Amino acid sequence: MDVDLRGRSSLPPPPHSRPRGGFILEKHKDKVTKRCLVYALVATAALAGIFAVVLTHDFSAHGDGGNLSTLFDPPGTRFSFYATSNVPFTEESGKELSRGLSDIPTDSFLVHLGDVGLADETFCDEDTYADASTILESCPAPVFVLPGNNDWNDCPDPDAAWENWDNYFGNFQEHFPENFDVGRQLGRSENFVFLHEGVLFLGVNLVNGRVHDRSEWNKRHAQNLLWIEQNLRLHDYNDFRAVVIFGHSPPYELVKDFFSPAVKDLKKYEKPVLYLHANNDGGFQEYKPFGNGEPELLAVEVNSWGGDESSFVKVTIDFGSSPFIFDQVESST
């Protein structure tokens, strides 16, 4: 029987039939690749060392314990603005407010933190809002107005009260020459934002008093939180050196669902934060509602009006980790 043995030899093929240098070339490639990786790691380590030296030098030069934010020159200049609340409750306090407004510089601004009347006395009739609006329009500087519980949720008819407040105080700063590039939240236009002299200002509808509608409260607090988060992300880290948040309510249990997550978000930015709120049956006071940890959130309750306590709070914003300076400015006589 004839057997064809072609192609079945156990001998290796002749040398000229092998792929020249195939196996050797692959080994060489592996060596080159490994060598390149070593070189890359060494170069990366060297650059990291140089960068660490530069950072250490910059931290030492700023003397701020290694806070990354101190590597950049803070934006803006020192400036002042004014805040008030719980006015005008009476005819006399309205006159005092009018006198005080005339002293506010035109290059500043005023924030009214809510309560233009007492709900259980005025029953939130339209005249209450109209009279307060007329007085505040006389201010030589722009005025921002936020709602209070006596303007809205403590009123006999919260829906009618809100319509009155929105008609007279919604976008109130538009009564004045445009000095600020003001943003408003879509669907909640009483919430505002603007960047001025390196400080990010945020106003939110945060009231105390009667919970007239639990579903509405939960939704509004979630929208307020979203407003804070969105604007922190939209602005570059180096655009602002401090944050000021305006609201009516003190930071207590009733609004914890807003403040707890908001504080966590603010902590990431390592910026000084001021929460300025309306009078809550007390006098002017500075306090830290969340202790001394980060962020360094400082809360301030402004004065009420009437008698010896009638005054604006003048807030001056300087530089550094504690930039907020407060003065109580009495109305002119």
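Per chain, the residues get numbers from 1 upward, laid out in the order the sequence is written. pLDDT decides what is reported in this predicted model: residues at 70 or higher carry local features, side-chain atom pairs at 80 or more are listed and counted, and totals for whole chains, interfaces and linings draw on all residues regardless. Water and hydrogen atoms play no part in the side-chain values, which are based on all heavy atoms of the structure.

A closer look at the overall build of the protein chain
- Counting its secondary structure elements, the protein chain contains seven helices and twelve strands.
- Using a 1.4 Å probe on the protein chains alone, a residue whose accessible area is under 20% of its type maximum counts as buried, one over 50% counts as exposed, and one in between counts as partly exposed. Counting the 333 residues in the protein chain, one finds 43% classified as buried.
- Only heavy atoms matter for contacts: two residues are in contact if any of them lie within 4.5 Å across the pair. Summarising the internal contacts of the protein chain: among those between residues at least 6 apart in sequence, 74% fall at separations of at least 24.
- Computed by Shrake-Rupley with a 1.4 Å probe, the accessible areas treat only the displayed protein chains as cover when residues are assessed. In the form shown here, the protein chain has an accessible surface area of approximately 17,800 Å², with 53% of it arising from carbon and sulfur atoms. Here a helix means four or more residues in a row that DSSP labels H or I, a strand means two or more in a row labelled E, and each is numbered from the N terminus.

What to know about the sheet that holds strand S7 (residues 242-246)
- A strand pair is defined by DSSP finding two or more bridges across the two strands. Strand order in the open sheet made by the seven strands is S4-S5-S6-S7-S8-S10-S9, with mixed pairing throughout. Every interior strand has two partners, whereas the edge strands, strand S4 (183-185) and strand S9 (285-287), have only one. On average, adjacent strands in this sheet sit at an angle of 20 degrees to one another, irrespective of strand direction. A fitted line through C-alpha atoms serves as each axis, taken over the contacting stretch for helices, and the angle formed by two N-to-C directions is quoted from 0 to 180°.

With respect to the layout of surface pockets
- Think of a 1 Å grid over just the protein atoms. A cavity is a set of points where a 1.4 Å probe fits yet cannot get out, a pocket is an open set with protein on both sides within 12 Å along at least five of seven lines, and lining residues have an atom within 4 Å of a point. Grid points are joined across faces, edges and corners, and a volume is the space filled by probe spheres set on the points. If you add up the space inside the second largest pocket, you get close to 180 Å³.
- Around the second largest pocket, the lining is made up of 13 residues, and of these Asn-86, Asp-115, Asn-150, Asn-279 and Asp-281 lie nearest the centre.

Side note on the side chain of Gln-223
- Tracing the backbone through its elements, the reader meets Gln-223 in helix H6 (residues 214-234).
- Polar contact criterion, stated in full: a pair of N or O atoms within 3.5 Å, where within protein one must be able to donate a hydrogen and the other to accept it, and residues adjacent in sequence count only if both atoms are side-chain atoms. A polar contact of 2.6 Å, which involves the side chain of Gln-223, links it to the side chain of Arg-188.
- Other than its neighbours up to four places away in sequence, Gln-223 contacts Gln-185 and Arg-188.

Some words on the packing of H6 against helix H7 (residues 256-267)
- Between H6 and H7, the shortest axis-to-axis distance is 9 Å and the interhelical angle comes to 10 degrees. In terms of orientation, H6 lies roughly parallel with respect to H7. Two secondary-structure elements touch here, H6 through Asn-218, His-221, Asn-224, Leu-225, Ile-228, Glu-229 and Leu-232 and H7 through Asp-257, Phe-258, Pro-261, Ala-262, Asp-265 and Leu-266. Oblique is the label for every angle not falling under 35 degrees (roughly parallel), over 145 degrees (roughly antiparallel), or within 65 to 115 degrees (roughly perpendicular).

Notes on the packing of aromatic side chains
- For Phe, Tyr and Trp, where Trp contributes only its six-membered ring, two rings pair if their centres lie within 6.5 Å, and the inter-plane angle classes them as stacked under 30 degrees, edge-to-face over 60, or tilted in between. Across all of its chains, the model carries 26 aromatic pairs by this definition.
- Judged by centre distance (5.9 Å) and plane angle (5 degrees), the ring pair of Phe-201 and Phe-246 falls under stacked. In this pair, Phe-201 sits in strand S6 (residues 199-203) while Phe-246 sits in strand S7, placing the two residues 45 residues apart along the sequence.
- Grouping aromatic residues by their ring pairs yields a cluster made of Phe-79, Phe-81, Phe-109, Phe-144, Phe-180, Phe-192, Phe-194, Phe-201 and Phe-246.
- Whether a charge sits over a ring depends on NZ of Lys or CZ of Arg being within 6 Å of the ring centre and within 35 degrees of the ring normal. Arg-220 extends its terminal NZ or CZ atom over the ring of Trp-217, reaching a point 4.9 Å from the ring centre.
- One Lys or Arg, Arg-241, reaches over the ring of Phe-319 and ends 4.1 Å from the middle of that ring.

What to know about the environment of Leu-136
- Assignment of secondary structure puts Leu-136 in helix H4 (residues 126-137).
- Sequence-wise, Leu-136 and Gly-94 are 42 residues apart; in three dimensions their C-alpha atoms are separated by 9.6 Å.
- If we skip the residues at most four places from it in the chain, Leu-136 touches Leu-97, Leu-101, Leu-110, His-112, Val-143, Val-145, Phe-169, Phe-172 and Phe-176.

Quick notes on H4
- A helix is expected to span 1.5 Å multiplied by its residue count minus one. Its twelve residues give H4 an end-to-end C-alpha distance of 17 Å, which sits within 8% of 16 Å, the value for a rise of 1.5 Å per residue.
- Taken together, the buried positions of H4 are Thr-128, Tyr-129, Ala-130, Ala-132, Ser-133, Ile-135 and Leu-136.
- Against the buried residues of H4 lie helix H2 (91-101), strand S2 (110-112), helix H3 (119-122), strand S3 (143-145) and helix H5 (158-169).

Overview of the state of the cysteines
- For this text, the term disulfide refers to a pair of cysteine sulfurs within 2.5 Å. Tallied over the full model, the rule gives one disulfide.
- Disulfide pairing is shown between Cys-124 and Cys-155; the S-S distance is 1.9 Å. Between Cys-124 and Cys-155 the disulfide shows an S-S torsion of about -80 degrees. By sign, it is left-handed. Of this pair, Cys-124 sits in the loop between H3 and H4 while Cys-155 is found in the loop between S3 and H5, placing the two residues 31 residues apart along the sequence.

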